[in-house]
Amino acid sequence: MTKLNGVMQSRLGLMAVACVLALPAIGGVQPATAQANITENPARGTISVTGYGEVSARPDEAILGFTVLRQGESAKAAVDATSEAMREVIGGMRELGAEDRDLQTATIQIFPQYGEADETQPGRGRSNEIVGYEARNTLSVTVREIANVGAYLDRAIELGVNQGGDVNFTIADDEELLSEARRSAVEDAREKAELYAQAANVSIDRIVSIAEPSAYRGPQPEMMQMRMAADSGGGGVPIEAGEIIRSASIEIVFSIRNSD
């Protein structure tokens, strides 16, 4: 009986060992052989760089801002006077070639006008009495021929525009310009990575990731800015269109390997 029990215990021990070897890894723990493989193939190192590229081009259109300011005894009187003057301005813009798509009302504002301060009571500031109203009507005009900008400005002033005159030069379709800036940014990033790799005595292997940081397309934008002024043509109001810079930045991660 004792001998039989010993045999049974031996067999049970062998079965337990077999079961343990057959069990899958629990909780992410791998068998010893798998751990050895991971140790023998460590993750490659990386180099992270940011490439920057920019290109410039002459603007091909301009957006002008014209404001008509009028005053009246009542808010309605001020608005009516402003509206009448703006209708003339809009008509003049159409005569110069502006289409419906080129004309857009930007703002209409009304402000109360207060009486002068009471000189008998120093320090009280302006009177609280409303003595009239001031109305402003601002029109945005897109000029699709840069050479005509001066003519638009001259005509607007002739027709009663007495405020504003903002000029914003743009490029109607700058997607190709942006694409060129992006290509330049990628080339810049690769050159930087190769320089760093050479200095560190390693070699660039492949690209792991490419990302373009989110950027708002405006004065950071749109990463646009005015550069040196260029020649203007014609008479009237002198206009310097200059150049527009379109830029892009690209973040690239390269994997590296030891140099042979």
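Here the structure is a predicted model, which means the values were calculated and not measured.

Asks: Before we move on, could you go through the sheet that holds strand S7 (residues 244-258) and cite the residues and values that matter?
Replies: Spatially, S1-S7-S6 is the arrangement adopted by the 3 strands of the open sheet, whose pairing is antiparallel. Pairing within the sheet leaves two strands with one partner each, and these edge strands are strand S1 (46-57) and strand S6 (202-211). Along the sheet, successive strands turn relative to each other by an average axial angle of 35 degrees, direction set aside. Direction of pairing for S6 relative to S7: antiparallel, over a ladder of 8 bridges. Each bridged residue has a counterpart across the sheet, and for serine 203 the counterpart in S7 is arginine 257. Seen against the sheet, helix H5 (residues 175-199) touches S1, S6 and S7 and runs at an angle of roughly 145 degrees to S1.

Asks: Explain the nonpolar core residue by residue, including any values.
Replies: Residues Leu64, Phe66, Val89, Met93, Val141 and Val149 are the most contacted members of the largest nonpolar core, which totals 23 residues. Of all the secondary structure elements, the ones that give two or more residues to this core are strand S2 (61-72), helix H3 (75-95), strand S4 (130-143) and helix H4 (149-158). Setting aside its immediate chain neighbours within four residues, phenylalanine 66 contacts Met86, Met93, Asn137, Thr138, Leu139, Val141, Tyr152, Leu153, Ala156, Val161, Gln163 and Gly165. Counting residues in each nonpolar core, the second largest holds 12 residues, with Ala189, Ala197, Val202 and Ile250 among its members.

Conventions used here
- Residues numbered from 1 in each chain as written.
- Predicted model: local features only at pLDDT ≥ 70, side-chain atom pairs only at ≥ 80, totals over all residues.
- Heavy atoms only, no water.
- Pairing = 2+ DSSP bridges.
- Helix = DSSP H or I, 4+ residues; strand = E, 2+ residues; numbered from the N terminus.
- Axes fitted to C-alpha atoms, helices over the stretch in contact; angles between N-to-C directions.
- Contact = heavy atoms within 4.5 Å.
- Core = buried A, V, L, I, M, F, W, Y, C linked by side-chain atoms within 4.5 Å.
- Buried < 20%, exposed > 50% of the residue type's maximum accessible area, 1.4 Å probe, protein only.

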